[in-house]
Number of protein chains: 2
Amino acid sequence: MEREFTSIEDIGEFGLIDRLQTILGEPADAELIRGIGDDAAVFRKSDGLFQVMTCDALIEGVHFDLTITPMRHLGFKSIAVNVSDVVAMNALPRFAAITLGIPHSVSIEMMEKFYLGVRDACHTYGLIVVGGDTTAARQLSISVTIIGEVMENRVAFRRGAQPGDLICVTGDLGSGYAGLKILIKERIALQEATADFRPDLKDFDHVIQRQLRPEARLDVISNWERGGFVPRALIDISDGLASEVHHICRQSGCGALVRQDSIPIHEQVKTAAVLFEDEPSNFALFGGEDYELLFAVRPSDFSRIDDGTAMV
Amino acid sequence: MEREFTSIEDIGEFGLIDRLQTILGEPADAELIRGIGDDAAVFRKSDGLFQVMTCDALIEGVHFDLTITPMRHLGFKSIAVNVSDVVAMNALPRFAAITLGIPHSVSIEMMEKFYLGVRDACHTYGLIVVGGDTTAARQLSISVTIIGEVMENRVAFRRGAQPGDLICVTGDLGSGYAGLKILIKERIALQEATADFRPDLKDFDHVIQRQLRPEARLDVISNWERGGFVPRALIDISDGLASEVHHICRQSGCGALVRQDSIPIHEQVKTAAVLFEDEPSNFALFGGEDYELLFAVRPSDFSRIDDGTAMV
């Protein structure tokens, strides 16, 4: 008996999601506003109020390496990357559930440090852990689900950009990936080092911080709310600028022009790019893990967002 | 530098949850009705209506073995065990998010079969998959979050049982574990077998079905709703009757008397118990994975639940 075996690598994560979604078919529920295909699902909570739901997993050996990742930062990051997906719907996070797969090599003390980071993030972003599940596993596996809320008239999707809109990003890009590259390089140096080796990372404090303890841009959407601004299309930058621009374009049915010299890039990314003999813009376009926001705005609205946002 | 290393096995899953919960502290949110400590978290959706949120993971090598688990059944079970936690709050499931960690050894075709099972379960229980995440992993890891709904006046918690209440269970117990034991035995026989070996499992069809494709008892709580009945305390039986009675007692502040000869046990469990030289009641008390309901009821209400429920 011959069986079909197509490797998931052959079609990639997005290809897999497309095939699985085909099996499930189009969902029909009066309260469901948006299912699979955006940063979070959206359903109606009450008159004028939407709920959003998102989940994102961090797996040891895939998303993080325990030899270069402090547990408290990992706890913070596990919440922050999910808050970032809530923020990418222009919504505020409310409740989180955390599912942990824990290998034998991980102690109670390590998990307590992890939870200190979770608590830090809950305080920072104003959400509450309401449940979860813990189980044994071969790799440390962290799966977080967050429920958030947004007024119906403030929700933002990936779709919605119009020809002529300006494409903007918050903060600076490429730092998350530059931080990862520096940490991996130092880990290798550390493994090959003599006893008196001390890594000197202060020249890269910004990019390392951005890799180990990224922040979700809840501050940006809170400013927008105060100013009465809603972007036409919105996504968070978790997979690199190129991928996210593509998502906005595909779902909005338009093209985009990104000017390489307009991409905001930190000096430390430029230094890291020299070190790794690469272009800084590659870090921003393809690196990922920046958790900044990419959004489309009417040209007439651009003057309303006076907060260091860069037009790309 | 000496570091503390306490193994999680030393204090167990519930001990770990207690320690992590201590770090997070008591949650404060006007809309949060119940956080960690029941089958699902409960928060207010609107006037008179609560939402529940639960997540449960199934990990290869911990919760299932791919050599004896058809993918379509696994997909169904992944949803059903989470629906069971929703049902254990007397709530109806609405939306699900699925996070998958997929190893290289798992093909697209296998995941498509898995999703056929997910679809079956969504049809059976009336819920919709609205999102998720997929990533690489060393073990097939399935983490599901389900959001459900229940009227405020129908919600049931683990706490709430009163002295004098009757303790009841639905269906029969011990079957899930008996099914697992039979499947493991047959797998070993198969590994040692000659080419013409065919496992004969028809004497154990009930318990194998209960292990591979358990059903959540949405039918029971739907009957209760039609009859206007609400149990005083409610939990689903995922870890065995003994553990669940203990949860109800601890959270309700009472003791309980379980009469061994009143526990409903299927004939096939009795046959399996003989085969494995064990007591059938041990399968029911300590086996787990039955996904039946355990609940406390006022003696005067018992006549209202005429549906094969056993008083234990």
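Residues numbered from 1 in each chain as written. Chains lettered and ligands numbered in written order. Predicted model: local features only at pLDDT ≥ 70, side-chain atom pairs only at ≥ 80, totals over all residues. Heavy atoms only, no water.

Peer 1: When you look at the overall build of chain A in this model, what are you seeing that I'm missing?
Peer 2: Helix and strand content of chain A: 9 helices and 10 strands. Here the C-alpha atoms of chain A give a radius of gyration of 20 Å, agreeing with the 20 Å that 2.2 N^0.38 yields for 312 residues. A principal-axis box enclosing the C-alpha atoms of chain A has dimensions of 60 × 50 × 50 Å. By the burial criterion, 56% of the 312 residues in chain A qualify as buried. (Helix = DSSP H or I, 4+ residues; strand = E, 2+ residues; numbered from the N terminus. Rg over C-alpha atoms; globule rule 2.2 N^0.38 Å. Buried < 20%, exposed > 50% of the residue type's maximum accessible area, 1.4 Å probe, protein only.)

Peer 1: Honestly, the interface of chain B and chain A in this entry has me stumped. Any pointers?
Peer 2: Accessible area lost upon the coming together of the parts is a frequently used measure of interface size. If you look at the interface, chain B gives 67 residues, while chain A gives 67 residues. Roughly 6100 Å² is buried in total at the junction of chain B and chain A, and carbon and sulfur atoms are behind 64% of that figure. Where chain B packs against chain A, one counts 8 salt bridges. Close ionic contact of R19(A) with E112(B) constitutes a salt bridge, the shortest N to O distance being 2.8 Å. If you look at where chain B meets chain A, you find 27 residue pairs in polar contact (both at pLDDT 80 or more). Breaking the side of chain B that touches chain A down by element, the ones donating at least two residues are α1 (8-24), β2 (41-46), β3 (49-59), β4 (92-102), α3 (108-125), β5 (128-136) and β6 (141-151) of chain B. Of the residues forming the side of chain B that touches chain A, the biggest block, 10 residues, is contributed by α1(B). Partitioned by chemical class, the residues of the side of chain B that touches chain A number 35 nonpolar, 16 polar and 16 charged. (Contact = heavy atoms within 4.5 Å. Buried area = accessible area lost by both parts, 1.4 Å probe. Salt bridge = Lys/Arg side-chain N within 4 Å of Asp/Glu carboxyl O. Polar contact = N/O pair within 3.5 Å; in protein donor to acceptor, adjacent residues only side chain to side chain. Nonpolar A, V, L, I, M, F, W, Y, C, P; charged D, E, K, R; others polar.)

Peer 1: Would you take a moment to explain the pattern of salt bridges for this structure?
Peer 2: It is possible for side chains bearing opposite charge to pair when their charged atoms get close. By the definition in use, this model includes 46 salt bridges over all chains. The closest approach of N and O atoms between R34(A) and D38(A), which form a salt bridge, is 3.7 Å. By the burial criterion, R34(A) is buried, and D38(A) matches it. In this structure, the salt-bridge partner of R44(B) is E152(B), at a minimum N-O distance of 3.0 Å. Remark: E152(B) occurs in the loop between β6 and β7 (166-169) and R44(B) occurs in strand β2; sequence separation between them is 108 residues. Here the residues in one salt-bridge network are D172(A), R210(A), R217(A), D219(A), D290(A) and E292(A), joined through shared partners.

Peer 1: Quick question: what am I supposed to make of unusual backbone geometry here?
Peer 2: Across residues other than glycine, the phi torsion is negative in most instances, and most of the peptide bonds are trans. Residue and element names in this part refer to chain A. You will see that N90, though not glycine, has its phi angle at about 65°, which is positive. Along the chain, the position of N90 falls in the loop between α2 (71-87) and β4 (92-102). Positive phi is not limited to glycine here, since E289 has a value of about 60°. Positionally, E289 belongs in the loop between α9 (280-286) and β9 (292-297).

Peer 1: Teacher, can you tell me more about the packing of aromatic side chains here?
Peer 2: Each aromatic ring pair is described using two quantities: the centre-to-centre distance and the angle formed by the ring planes. Applying the stated criterion across every chain, the model contains 14 aromatic pairs over all chains. Between the aromatic rings of W224(A) and F229(A), the centroid separation amounts to 5.3 Å while the plane-to-plane angle is 80°, which identifies the pairing as edge-to-face. Owing to a relative accessible area of 2%, F229(A) belongs among the buried residues under this scheme. Through a chain of ring-to-ring contacts, the aromatic side chains of W224(A), F229(A) and F295(A) assemble into a single cluster. Looking at R213(A), its charged tip hangs above the ring of F76(A), at a distance of 3.7 Å from the centre. Between R159(B) and the ring centre of F157(B), over which it is positioned, the NZ or CZ distance is 4.8 Å. (Phe/Tyr/Trp six-rings, centres within 6.5 Å; stacked < 30°, edge-to-face > 60°. Lys NZ or Arg CZ within 6 Å of the ring centre and 35° of its normal.)

Peer 1: Explain the environment of I147(A) here, please?
Peer 2: Relative to the elements of secondary structure, I147(A) occurs in strand β6 (residues 141-151). Along the sequence, I147(A) and A97(A) sit 50 residues apart, while their C-alpha atoms lie 8.8 Å from each other. If we ignore the near neighbours within four places in the chain, the residues touching I147(A) are Q51(A), V52(A), M53(A), P93(A), R94(A), F95(A), M53(B) and I147(B).

Peer 1: When you look at the packing of helix α4 (residues 175-191) of chain B against helix α8 (residues 267-275) of chain B in this model, what are you seeing that I'm missing?
Peer 2: Helices that pack against each other are described as a pair by the angle of their axes relative to one another and the distance between those axes. Residue and element names in this part refer to chain B. For the pair α4 and α8, the least separation of the axes is 10 Å and the interaxial angle reads 50°. In terms of axis orientation, α4 runs oblique to α8. The two elements α4 and α8 cross, and the hand of that crossing is left-handed. Across the interface between the two elements, S175, A178, I182 and K185 from α4 touch V269, A272 and L275 from α8. Tallied by class, the residues present in the contact of α4 with α8 amount to 5 nonpolar, 1 polar and 1 charged. (Axes fitted to C-alpha atoms, helices over the stretch in contact; angles between N-to-C directions. Parallel < 35°, antiparallel > 145°, perpendicular 65-115°, else oblique. Left-handed = near helix turned anticlockwise from the far one by under 90°.)

Peer 1: Looking at this model, I keep getting lost on the side chain of H247(B). Mind explaining?
Peer 2: All names here are of chain B. Inspection of the secondary structure assignment puts H247 in helix α7 (residues 241-252). Overall, the relative accessible area of 7% leaves H247 in the buried class. When residues no more than four places from it in sequence are discounted, the contact partners of H247 are F14, R158 and I235.

Peer 1: Please explain the confidence of the model for chain A as it appears in this structure.
Peer 2: Regions with low pLDDT should not have their predicted coordinates read in detail. Residue and element names in this part refer to chain A. Taken residue by residue, chain A gives an average pLDDT of 92. The fraction at 70 or more is 96%. No element of chain A has a lower mean pLDDT than strand β10 (residues 310-311), at 70, and none a higher one than α2, at 98. In the predicted complex, the global pTM is 0.93; the interface-specific ipTM is 0.91. (pLDDT = per-residue confidence, 0-100.)

Peer 1: For this particular structure, what's the right way to read the sheet that holds strand β3 (residues 49-59) of chain A?
Peer 2: Whenever strands of a sheet pair, they do so through backbone hydrogen bonds, lying parallel or antiparallel. Residue and element names in this part refer to chain A. Spatial ordering of the open sheet is given by β1-β2-β3-β6-β4-β5, a layout of 6 strands whose pairing is mixed. Each edge of the open sheet is held by one strand with a lone partner, namely β1 (32-34) and β5 (128-136). Strand-to-strand twist of the sheet, defined as the mean angle between neighbouring strand axes without regard to direction, takes the value 25°. Helix-sheet contacts for α2 involve β3, β4 and β6, and the interaxial angle to β3 is about 140°. Strand contacts of helix α3 (residues 108-125): β4, β5 and β6, with the helix running at about 170° to β4, the strand carrying the most contacts. (Pairing = 2+ DSSP bridges.)

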